[in-house]
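So the chains spell out like this:
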Amino acid sequence: VQLVESGGGLVQPGGSLRLSCAASGFTFSRYGMRWYRQAPGKERELVAGITSAGGSANYADSVKGRFTISRDNARNTVYLQMNSLQPEDTAVYYCNAWRTSLTYWGQGTQVTVSS
């Protein structure tokens, strides 16, 4: 099982990034997918989640209206489009796959928002 995040980097406040998470080794279309983030000295927090078929998504209040989660089950990939980024969005972003008692994690990708 592998979850490989990409797309992180340094961006100025107000900018945008699109994170991708490529999955392999399991039946991607049967798993809900989530993005978490962890800032230095803080606990890991749930940012966004999407159901296995992509029909429903939910977001943390802090990112509603700015971030959009989506998935392409044909490509075994989940995305996180991040707009209007702010310094408080700086964190390592992790991809997570879940189904009942099973859960898998990626290694994370760093997002830094700074001028």
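As a starting point, this report considers the structure included with it. On a predicted model such as this, the values are computed, not experimentally measured, just so you know.

## Re the state of the cysteines
Within the structure shown, the criterion is met by 1 disulfide. Covalent S-S linkage joins C21 and C95, the inter-sulfur distance amounting to 2.1 Å. Linking C21 and C95, the disulfide has an S-S dihedral of approximately -80 degrees and is accordingly described as left-handed. Taken together, the residues span a long stretch of sequence, with C21 in strand β3 (residues 17-24) and C95 in strand β9 (residues 91-99) at a distance of 74 residues. An identical accessibility class is assigned to C21 and C95; each is buried.

## Topic: the pairing of strand β1 (residues 2-6)
With burial as the criterion, only one face of β1 is covered, namely that bearing L3 and E5; the residues Q2, V4 and S6 on the opposite face remain uncovered. Alignment of β1 against β3, held across 5 bridges, turns out to be antiparallel. Bridge pairing in β3 links S6 to S20.

## A word on the pattern of salt bridges
If you walk through the whole model with that rule in mind, you get 5 salt bridges. Ionic pairing is found between D72 and R75, a salt bridge with its closest N-O pair at 3.3 Å. When its relative accessible area of 62% is taken as the criterion, R75 is described as exposed.

## Quick look at the nonpolar core
Grouped together as the largest cluster of nonpolar side chains are 29 residues, with contacts concentrated most on W35, V78, L80, M82 and Y93. Going through the elements one at a time, β3, β4 (32-38), β5 (45-50), β7 (67-72), β8 (77-82), β9 and β11 (109-113) are the ones with two or more residues in this core.

## Quick look at the sheet that holds β3
Within the open sheet, the 4 strands sit side by side as β1-β3-β8-β7. Their pairing is antiparallel. Each of the sheet's edge strands pairs with one partner strand only, and the pair in question is β1 and β7. When the angles between neighbouring strand axes are averaged without regard to direction, this sheet yields 15 degrees.

Scoring rules and cut-offs
Residues numbered from 1 in each chain as written. Predicted model: local features only at pLDDT ≥ 70, side-chain atom pairs only at ≥ 80, totals over all residues. Heavy atoms only, no water. Disulfide = S-S within 2.5 Å. Helix = DSSP H or I, 4+ residues; strand = E, 2+ residues; numbered from the N terminus. Buried < 20%, exposed > 50% of the residue type's maximum accessible area, 1.4 Å probe, protein only. Pairing = 2+ DSSP bridges. Salt bridge = Lys/Arg side-chain N within 4 Å of Asp/Glu carboxyl O. Core = buried A, V, L, I, M, F, W, Y, C linked by side-chain atoms within 4.5 Å. Axes fitted to C-alpha atoms, helices over the stretch in contact; angles between N-to-C directions.

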